[in-house]
There are 2 protein chains.
Amino acid sequence: MDKRITIRDIARRAGVSVATVSNVINGVNKASDGTKKLVLQTIKEMGYQPNLTARSLSINRSQMIGVLLPIDESTTASLLLRDNPFYGEFISGVEYQGMMSGYDVLISGFRPGQSCREWILKRDLDGIVFVGNYTDAVSSDAKEFGSQLVLVDSYDEGLEKHHSVNIDDVQGGYAAAKHLLDLGHKNIAIAASNILVDGAIYRRFCGYKDALSEKGISVRNDFIFQDSLSFDGGYRIGLRILENIGQISAVFAVADIMAFGIMKAFYENGKQIPRDLSIVGFDDIKTCEYVIPPLTSVHQPVYEKGITAVNILIDAIKNPDIPKRNVLFPLKLTERGSTMNFCERRLFSGACL
Amino acid sequence: MDKRITIRDIARRAGVSVATVSNVINGVNKASDGTKKLVLQTIKEMGYQPNLTARSLSINRSQMIGVLLPIDESTTASLLLRDNPFYGEFISGVEYQGMMSGYDVLISGFRPGQSCREWILKRDLDGIVFVGNYTDAVSSDAKEFGSQLVLVDSYDEGLEKHHSVNIDDVQGGYAAAKHLLDLGHKNIAIAASNILVDGAIYRRFCGYKDALSEKGISVRNDFIFQDSLSFDGGYRIGLRILENIGQISAVFAVADIMAFGIMKAFYENGKQIPRDLSIVGFDDIKTCEYVIPPLTSVHQPVYEKGITAVNILIDAIKNPDIPKRNVLFPLKLTERGSTMNFCERRLFSGACL
DNA sequence: ACGGAAATGTTAAACGGTTAACGAACATAT
DNA sequence: ATATGTTCGTTAACCGTTTAACATTTCCGT
């Protein structure tokens, strides 16, 4: 409960003006070495910490950046952060890089109907990292006040107009399907959420389609399974695939979590992965290594995305006129035990076609 | 890039003094209904947002709270947040409750050698939620500046002196072992990290011991397996258990992630869960539902811990003199498919002893 | 009609920094 | 000796709020 020590206390004790103390702190070269030493010494002795709130007010910059996370629409209450390990990992990257660059990180859910203008303005945020599907409102909000903006995971819209960090979903989808094709599979289903709603999912689908058509295979409508992007959604799709078990030998699930649901459905019905179905997931969350068999999945660099977003943001804060940067992370498939060669699989039940 | 609108602009436009505008904003009842309406109207028209930085400076409170997260000691670089879904879930609770109470949330890793005094001082933080093993330095830092402190997951030390939120590890460990005992198991191993190092783990062990001795069973030293608190650690323990497969029929893993490692070791060696080994985990992370069989686990309310911590913190901020509160969440076991009755299991291989 | 309280405002000094503008002291060049 | 420039500092205004202290008007009881 001590009285807070201010720059004036330092000035008084050191016998100089507050301006001089301020200059020393900020490295403005306007003090003799002697004075500098004296001031620094005094600061140390008194355990003085400059107050960033006051500084913010004065220089109109806060040295804080914000992360806006999507909300779980179903509850409006909790962040997706709660249920999806992704966001924690992402924030970790943001926090680390922010800290390294001297910025503090504020987090918040971006609740519908809310404007980020409010948030930026209230706290004088120097910039924000916006995760998820961005709305035009967001960008105009940011621009209006000299705050910088980096979009993450919202590839589609207005990409050129903003800084952005994305993963190459098309290529990822392609890699997934390609892997299955290389294993000799021809009848490859896809498990997804509504393909037309979510841009990222649609792009993964496109990659899948590309890989197939490269081999002269066209996508069969009845091989496109759509349900909610969740374990339960995957489970339901798993049951539907089981009905077509003779025709489908492999499936590309556009999210790991759906893949787990499919695996569950299969096990419950006495089928085995990968003997009865090869599965490749997408995201490569830690759980992929824990399940049995471990899930082959398209790896996405979540932590690195956080780091990169902050790097771009801070560059932009320091120099608002740099051209927009749009980073697209290439994706690589991590092969594990949930996929196997189509022919070898046939060895269990007969000859290879 | 517009000029920011300040309280003076509002005052000018509405033809009143800034003090009046301020009063209206803060609900101080010093203005006539007419004036109030006028001011509010003007605020809306001009899209004015009070600047919290300036307010902070003025009232010496920031309406911000901080969350200090433990760092992964191995890297010092990244947060544990990166690898452990826990923290994301926890932060989600903190963010939600903070938002509901009008506080913004700042997050940071608590890096060794750092003092939180600096952080509190710099940003005028009203309070902080400290997660993990706390050091005395933290508390004196906080106290010194009227900042409030809530300790999370650091049951042991100086509990009475601070607000705290913890889970009842002893009871959780007890519940885990009890469940296995109730299923008829007698030779129950425990998989843990070094029992003497981490207080929480030690308490879980104590609960396990209590349950056993209640049944007249004493803990066998060769049934205590210790390794790193990770999937790999669990895997190694799994291999060691396999060597004693005749003797051990069940295991309590003090963290889900270790349980998954054990399961993996068993499957790789052609053994089946729960037929050859009943397993109960601890934490009940989402993954428990995804693995096959789904893991029986002691559920811990991570999100609620976040909510509760913030509630206590804000109470303490508003009234610094309230007595210290120490919340201890009771734990409940969630039964799933990784455990089975000892006798039924014997049906596979012979008679029930 | 008068005094005092209540209601409604205003003024101006904080809060803890930054920084433009100014100035003194001293060295150097002419 | 004078002009010119550096070096080292100070003064004071400002950032956008809050709030104590004061001022004016209105209301009410007697």
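Residues numbered from 1 in each chain as written. Chains lettered and ligands numbered in written order. Predicted model: local features only at pLDDT ≥ 70, side-chain atom pairs only at ≥ 80, totals over all residues. Heavy atoms only, no water.

## Some remarks on the protein's contact with DNA strand C
Around DNA strand C, the structure places 27 residues, and the nearest of them are A:Ile7, A:Ser22, A:Ser58, B:Ser32 and B:Thr35. A breakdown of the atoms of DNA strand C within 4 Å of the protein gives sugar and phosphate a share of 62%. Within the contact set of DNA strand C, a base nitrogen lies 2.8 Å away from a side-chain nitrogen or oxygen of A:Arg8. Between A:Tyr48 and DNA strand C, the recorded distance is 3.0 Å, taken from a side-chain N or O atom to a sugar or linking oxygen. Sorting the residues of the surface near DNA strand C by element identifies helix H1 (7-14), helix H2 (18-25) and helix H4 (52-59) of chain A together with helix H2 (18-25) and helix H4 (52-59) of chain B as the ones contributing at least two each. (Near = heavy atom within 4 Å. Polar contact = N/O pair within 3.5 Å; in protein donor to acceptor, adjacent residues only side chain to side chain. Helix = DSSP H or I, 4+ residues; strand = E, 2+ residues; numbered from the N terminus.)

## Quick word on the environment of B:Gln247
All names here are of chain B. When you line up the elements, Gln 247 lands in the loop between helix H10 (231-243) and strand S8 (250-253). For Gln 247, a relative accessible area of 36% gives the class partly exposed. Between the alpha carbons of Gln 247 and Gln 114 there is a distance of 48 Å; along the sequence they are 133 residues apart. For Gln 247, the residues in contact, after removing those within four places along its chain, are Asn 187, Arg 220 and Phe 223. (Buried < 20%, exposed > 50% of the residue type's maximum accessible area, 1.4 Å probe, protein only. Contact = heavy atoms within 4.5 Å.)

## Considerations on the interface of chain B and chain A
Facing 62 residues of chain B, the contacting portion of chain A comprises 62 residues. For the chain B and chain A pair, buried surface summed over both sides reaches about 5600 Å², with 57% attributable to carbon and sulfur atoms. Ranking the residues of chain B by area buried against chain A places B:Arg123, B:Tyr290 and B:Ile292 at the top, with a combined share of 13%. If you look at where chain B meets chain A, you find six salt bridges. For the salt bridge of A:Asp104 with B:Arg123, the shortest nitrogen-to-oxygen distance reads 2.8 Å. Summed over the shared surface of chain B and chain A, the result is 26 residue pairs in polar contact (both at pLDDT 80 or more). For the side of chain B that touches chain A, the secondary-structure elements that each account for two or more residues are H4, helix H5 (85-100), strand S2 (104-110), helix H6 (116-123), helix H7 (136-144), helix H11 (256-268), helix H12 (287-290) and helix H13 (302-318) of chain B. Looking at the side of chain B that touches chain A residue by residue, the class counts come to 29 nonpolar, 14 polar and 19 charged. (Buried area = accessible area lost by both parts, 1.4 Å probe. Salt bridge = Lys/Arg side-chain N within 4 Å of Asp/Glu carboxyl O. Nonpolar A, V, L, I, M, F, W, Y, C, P; charged D, E, K, R; others polar.)

## Here's the deal with the packing of H4(A) against H4(B)
Following both chains from N to C, one finds H4(A) and H4(B) inclined at 135 degrees, their axes separated by 9 Å at the closest point. Relative to H4(B), the element H4(A) is oriented oblique. In this structure, H4(A) crosses over H4(B), and the sense of that crossing is left-handed. Every residue of H4(B) that contacts H4(A) at A:Thr53, A:Ala54, A:Ser56 and A:Leu57 is listed here: B:Thr53, B:Ala54, B:Ser56 and B:Leu57. Of the residues contributing to the contact of H4(A) with H4(B), the split by class is four nonpolar, four polar and no charged. (Axes fitted to C-alpha atoms, helices over the stretch in contact; angles between N-to-C directions. Parallel < 35°, antiparallel > 145°, perpendicular 65-115°, else oblique. Left-handed = near helix turned anticlockwise from the far one by under 90°.)

## Quick look at the relation of the copies chain B and chain A
Here the second copy of the chain follows from the first by a rotation about an axis and a shift along it. Of the transformation placing chain B onto chain A, the axial shift is 0.2 Å and the rotation is 180 degrees, giving an RMSD of 0.3 Å. The relationship between the two copies is best expressed as a two-fold rotation axis. Mapped onto chain A, 100% of the interface residues of chain B again fall at the interface, so both copies present the same surface. (Least-squares fit on C-alpha atoms with pLDDT ≥ 70 in both.)

## Regarding the sheet that holds strand S10 (residues 296-299) of chain B
Residue and element names in this part refer to chain B. Taken in spatial order, the six strands make up an open sheet running S7-S6-S8-S9-S10-S12, and their pairing is mixed. A single partner strand is all that each edge strand has here, and the edge strands are strand S7 (224-226) and strand S12 (332-334). Adjacent strand axes in the sheet meet at a mean angle of 20 degrees, parallel and antiparallel pairs treated alike. Along the sheet, H10 contacts strand S6 (188-192), S7 and S8; its crossing angle with S7, the most-contacted strand, is approximately 145 degrees. (Pairing = 2+ DSSP bridges.)

## Overview of the environment of B:Gly207
Residues and elements named next belong to chain B. Checked against the element boundaries, Gly 207 lands in helix H9 (residues 199-214). On a C-alpha basis, the gap between Gly 207 and Lys 44 in space is 59 Å, while along the polypeptide they are 163 residues apart. Excluding residues within four positions of it along the chain, Gly 207 makes contact with Val 170, Gly 173 and Tyr 174.

## A word on the environment of A:Glu344
Residue and element names in this part refer to chain A. Mapped onto the secondary structure, Glu 344 falls in helix H14 (residues 342-347). Overall, the relative accessible area of 45% leaves Glu 344 in the partly exposed class. Remark: the alpha-carbon pair of Glu 344 and Leu 106, spanning 238 residues in sequence, is separated by 52 Å.

## What to know about the protein's contact with DNA strand D
Within the structure, DNA strand D sits among 27 residues, and A:Ser17, A:Thr20, A:Thr35, B:Arg8 and B:Ser22 are positioned closest to it. Within the side chain of B:Ser22, a nitrogen or oxygen atom sits 2.4 Å from a phosphate oxygen of DNA strand D. Here a phosphate oxygen of DNA strand D sits 3.0 Å away from a polar atom, N or O, in the side chain of B:Arg55. Of all elements in the fold, only H2 and H4 of chain A together with helix H1 (7-14), H2 and H4 of chain B reach the threshold of two or more residues within the surface near DNA strand D. Its residues placed into classes, the surface near DNA strand D shows 10 nonpolar, 12 polar and five charged.

## Some remarks on the domain arrangement of chain A
Taken domain by domain, chain A consists of domain 1 (7-50), domain 2 (64-167 + 302-330) and domain 3 (169-300 + 334-347). Between domain 1 of chain A and domain 3 of chain A, the C-alpha centre-to-centre distance is 64 Å. (Domains from an automatic or database assignment.)

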